[in-house]
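# A structural walkthrough
Letter by letter, the chains look like this.
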Amino acid sequence: MKLRDVMFSGKSERGNRFFTKMMAFLDSPKRLKYDDPVKLVAASGIREGQRVLEIGCGSGFFTEAASRAVGESGTLVAADLHPVAVETTRKKVIDSGLTNVTVVQDDAMNSSLPDGEFDLILLYGVVPSPVIDPDKLADQMHRILKPGGTCAIWTMVPFWKPLKYCRGGRFTLDGKKDGVFLLRREDR
Ligand SMILES: C[S@@+](CC[C@H](N)C(=O)[O-])C[C@H]1O[C@@H](n2cnc3c(N)ncnc32)[C@H](O)[C@@H]1O
């Protein structure tokens, strides 16, 4: 099995055990000392009434903050490739009574989400990654966003820059707020 299959198919026991541990680590209360989900989500420029996609929701660490930020008139799709992540976030959404969130299993590099659907994409804690091809992901995010939409990227990796995501005229770096890169979708 390739690394990507072990990690993300949901069919490897070892992969699932590792993934479940990672979910617990990402959702640990200690993390709140370093990463403030409300502040980081607000840094994306998210607004009430928007249709937002969260790619790689994992344990749902940012999902509640994003759901509350778009409010009752907005909608959030929380997506992840891994079935354990989908299940974990779905449970959190139900337990927290968040009615404007749909949790889906989706591979962001080969997404089944429709064209021009979202005002904003949150890509938080997902890149850089050895299993993600920036060109494929950038193409999909460009396709899924509405014209003029924003892709907000937050990474745990110091000194990382979203240069590969701006290649080929898909996105322009519009600024950085509280560590969140703001990429504006360009027409090509
Ligand atoms: C390190 S976790 C971060 C989770 C969450 N955003 C956070 O910061 O707590 C990265 C997540 O991205 C997901 N992921 C990786 N590749 C993906 C892909 N191609 N499509 C969708 N999700 C993906 C993983 O399954 C994992 O849940």
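See the structure above.
Here's what I pulled together on the structure shown here. Treat the numbers as computed from the prediction; the structure is a model and nothing was measured.

This paragraph deals with the pairing of strand β3 (residues 101–105). For strand β2 (residues 75–80) and β3, the ladder comprises 5 bridges, and the chain directions are parallel. Paired with alanine 79 across the two strands is valine 104, which belongs to β3. After leaving β2, the chain enters helix α5 (residues 83–95) and then returns to the sheet as β3, a path that is right-handed.

This next bit is on the sheet that holds strand β6 (residues 171–177). Sheets are built from strands that pair by backbone hydrogen bonding, the pairs being arranged parallel or antiparallel. With mixed pairing, the 7 strands of this open sheet are ordered in space as β3-β2-β1-β4-β5-β7-β6. Of all the strands in the sheet, just β3 and β6 have a single pairing partner and so form its edges. Put simply, the sheet's adjacent strands are angled 20° from each other on average, direction ignored. Relative to strand β7 (residues 180–185), β6 is paired through 6 bridges, and the arrangement is antiparallel. Along β7, the bridge assignment pairs lysine 177 with valine 180.

Summarising burial for strand β4 (residues 118–124): 6 of the 7 residues are buried, a large majority. Sheet topology note: the strand β1 (residues 51–55)/β4 ladder contains 4 bridges and is parallel. Paired with isoleucine 55 across the strands is leucine 123, a residue of β4. Here β4 pairs with strand β5 (residues 145–154) via 6 bridges, running parallel. When the sheet's bridge partners are listed, tyrosine 124 is paired in β5 with tryptophan 154. For the handedness criterion, the β-α-β arrangement of β4, helix α6 (residues 134–144) and β5 is classed as right-handed.

A pair of packed helices can be characterised by two numbers: the angle between their axes and the separation between those axes. Where helix α2 (residues 13–26) contacts α5, the two axes come as close as 9 Å, and the packing angle between them is 35°. For α2 against α5, the interelement crossing comes out right-handed. For the pair formed by α2 and α5, the contact residues are Asn16, Phe19, Thr20 and Met23 on the first element and Val84, Ala85 and Thr88 on the second. Residues that form the contact of α2 with α5 fall into these classes: 4 nonpolar, 3 polar and no charged.

Neighbouring the ligand are 21 residues; Gly56, Gly58, Phe61, Ala108 and Gly125 lie closest to it. Taken together, the residues of the shell around the ligand sort by class into 14 nonpolar, 5 polar and 2 charged.

This brings us to the environment of proline 147. When you line up the elements, proline 147 lands in strand β5. C-alpha of proline 147 to C-alpha of aspartate 187: the two residues are 40 residues apart in sequence and 6.9 Å apart in space. Residue contacts for proline 147: discarding those within four places in its chain leaves Arg185 and Asp187.

What follows covers unusual backbone geometry. With omega at 0°, the peptide bond leading from valine 127 into proline 128 counts as cis. Within the secondary structure layout, proline 128 lies in the loop between β4 and α6. One non-glycine residue, phenylalanine 159, lies in positive phi territory at about 70°. Mapped onto the elements, phenylalanine 159 comes out in the loop between β5 and α7 (163–166). Look at phenylalanine 159 and you get exposed, because 5 C-beta atoms sit within 10 Å. Its identity is not glycine, yet aspartate 178 carries a phi of approximately 50°, on the positive side. Tracing the sequence through the fold places aspartate 178 in the loop between β6 and β7.

Rules and cut-offs
- Residues numbered from 1 in each chain as written.
- Predicted model: local features only at pLDDT ≥ 70, side-chain atom pairs only at ≥ 80, totals over all residues.
- Pairing = 2+ DSSP bridges.
- Helix = DSSP H or I, 4+ residues; strand = E, 2+ residues; numbered from the N terminus.
- Right-handed = clockwise from strand over helix to strand, strands pointing away.
- Axes fitted to C-alpha atoms, helices over the stretch in contact; angles between N-to-C directions.
- Buried ≥ 20, exposed ≤ 12 C-beta atoms within 10 Å, placed from the backbone.
- Left-handed = near helix turned anticlockwise from the far one by under 90°.
- Contact = placed C-beta atoms within 7 Å.
- Nonpolar A, V, L, I, M, F, W, Y, C, P; charged D, E, K, R; others polar.
- Near = placed C-beta within 6 Å.

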